[in-house]
Amino acid sequence: MNTSLKSVVSPGLLFAVALLPAVHAAPQHLQSGAAQVQLIELYTSEGCSSCPPADKRLSKLKHDPALWVERVPVAFHVDYWDYIGWEDPYADADNSNRQREHEAAGNFSSVYTPGFLVDGQEWRGFFRGARLPSLQKRQAGPLSIEYDQGQVVVNYQPVIKTDESLRLQLAWLGAGLQSSVSAGENSGKKLSHDFVVLQRQQQILTPQQGYSHTGLFVAKDLPAAEQYALVGWLEETATGRPVQAVGGWVEP
């Protein structure tokens, strides 16, 4: 004899299920140490034939025990190669502008891809197969991010007191992203990307505020990825050079 679901579930049970609280992820805490964490910026594009090896080089940091503890990698996809036949789905004009600002500040000799900045300084060792520069030993002070359902609380405690304001950068990163490129210099290739900047916002922090910030950083329309990371770093407002960084795997 067939019995419908409605006939076997009591009204009392339905009422109890309706009263169950929604399940929320626990607040997540990202904390750097006092030593300066190395910020590695890669400026890259799917429209650039020399970029896939640089992307692969950055991806190796997924297995580096120093990841998030001593190194924070971020990949900025630029849009200035989109005109040659392939529009990079992760490219953003803001990323291109950021690289130009680094050039204007003297951090890049020119605007090109793949372009690496390590601790705010141009690093061309990639092209000759060199290892990443040694980790900084400078004491910068701890930087922390509390993330809870879209709300972030950022606190920085500098080792050396200063009257200078700092720029806070917050970014959602995607790892395990895949693209099948059908045009341009990488036509016919399937590309893999990690640490891709998918969303970014910035805020000026002042010593009068105690270098703290509370606000929203809700992940909006992020593409499907194997993993997501939340990263934040403080940089000098004049030069864009990083002061301290923190990051970790976080579910948006």
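Keep in mind that this is a model prediction, so the values were computed, not measured. (Residues numbered from 1 in each chain as written. Predicted model: local features only at pLDDT ≥ 70, side-chain atom pairs only at ≥ 80, totals over all residues. Heavy atoms only, no water.)

### Considering the nonpolar core
Where we set the bar: Throughout, nonpolar core names a set of buried Ala, Val, Leu, Ile, Met, Phe, Trp, Tyr and Cys residues whose side chains join them through atoms within 4.5 Å. Only protein chains enter the calculation, and the probe is 1.4 Å; a residue is then buried if its accessible area is under 20% of its type maximum, exposed if over 50%, and partly exposed in between. Under the scheme used here, helices are H or I runs from DSSP no shorter than 4 residues and strands are E runs no shorter than 2 residues, and both carry numbers assigned from the N terminus. Contacts between residues were defined by any pair of non-hydrogen atoms, one from each residue, lying within 4.5 Å.
Leu58, Trp68, Val74, Phe116, Leu173, Val231 and Trp233 are the most contacted members of the largest nonpolar core, which totals 32 residues. Looking at this core, the elements with two or more residues in it are strand S2 (38-44), helix H3 (51-59), strand S3 (71-77), strand S4 (115-118), strand S8 (166-175) and strand S13 (227-236). Leaving out residues up to four positions away in the same chain, valine 231 has contacts with Trp68, Val72, Val74, Ile145, Gln169, Leu170, Ala171, Leu173, Val246 and Gly247. Grouped together as the second largest cluster of nonpolar side chains are 22 residues, Val154, Leu166, Trp172 and Val250 included.

### Some points on the environment of leucine 143
Relative to the helices and strands, leucine 143 resides in strand S6 (residues 143-148). Each C-alpha atom of the pair leucine 143 and serine 32 lies 5.4 Å from the other, and the pair is 111 residues apart in sequence. Once residues within four sequence positions are removed from consideration, leucine 143 is found in contact with Leu30, Gln31, Ser32, Val154, Asn155, Tyr156, Gly232, Trp233, Leu234, Gln244, Ala245 and Val246.

### Regarding the packing of aromatic side chains
Note the threshold: Aromatic contacts are taken between Phe, Tyr and Trp rings whose centres are within 6.5 Å, Trp giving its six-membered ring; a plane angle under 30 degrees counts as stacked, one over 60 as edge-to-face, and the others as tilted.
If you walk through the whole model with that rule in mind, you get 14 aromatic pairs. The structure contains a cluster of three or more aromatic residues connected by ring pairs, namely Tyr43, Phe76, Phe108, Tyr112 and Trp233.

### Remarks on H3
So the rule is basically this: The arc in question is traced by the directions running from the helix axis to the C-beta atoms.
For H3, the full list of buried residues reads Cys51, Pro52, Ala54, Asp55, Leu58 and Ser59. Projection of H3 onto a plane perpendicular to its axis shows the buried side chains occupying an angular sector of 160 degrees, all on one side. Along its buried surface, H3 packs onto S2, S3, S4 and strand S10 (190-193).

### Here we look at the confidence of the model for the protein chain
Should the pLDDT be low somewhere, the predicted coordinates at that spot are not to be read in detail. Here is the rule we go by: Values of pLDDT, which run from 0 to 100, indicate the predictor's confidence residue by residue.
On average, residues of the protein chain score 92 in pLDDT, and 90% of them are at 70 or above. Low pLDDT, under 50, characterises residues 1-20; the predicted model gives this stretch 2 contacts beyond four residues in sequence or across chains.

### Some thoughts on the pattern of salt bridges
Here is the rule we go by: The rule for a salt bridge is simple: a side-chain nitrogen of Lys or Arg has to be within 4 Å of a carboxyl oxygen of Asp or Glu.
Under the definition given, this model contains 6 salt bridges. A salt bridge links lysine 62 to aspartate 194, with the shortest nitrogen-to-oxygen separation between them at 3.3 Å. On the criterion of sequence distance, the pair formed by lysine 62 in the loop between H3 and S3 and aspartate 194 in the loop between S10 and strand S11 (196-205) is long-range, its members being 132 residues apart. The buried category is assigned to aspartate 194, whose relative accessible area is 10%. Sharing partners across several salt bridges, the network here consists of Glu41, Arg98, Arg167 and Glu235.

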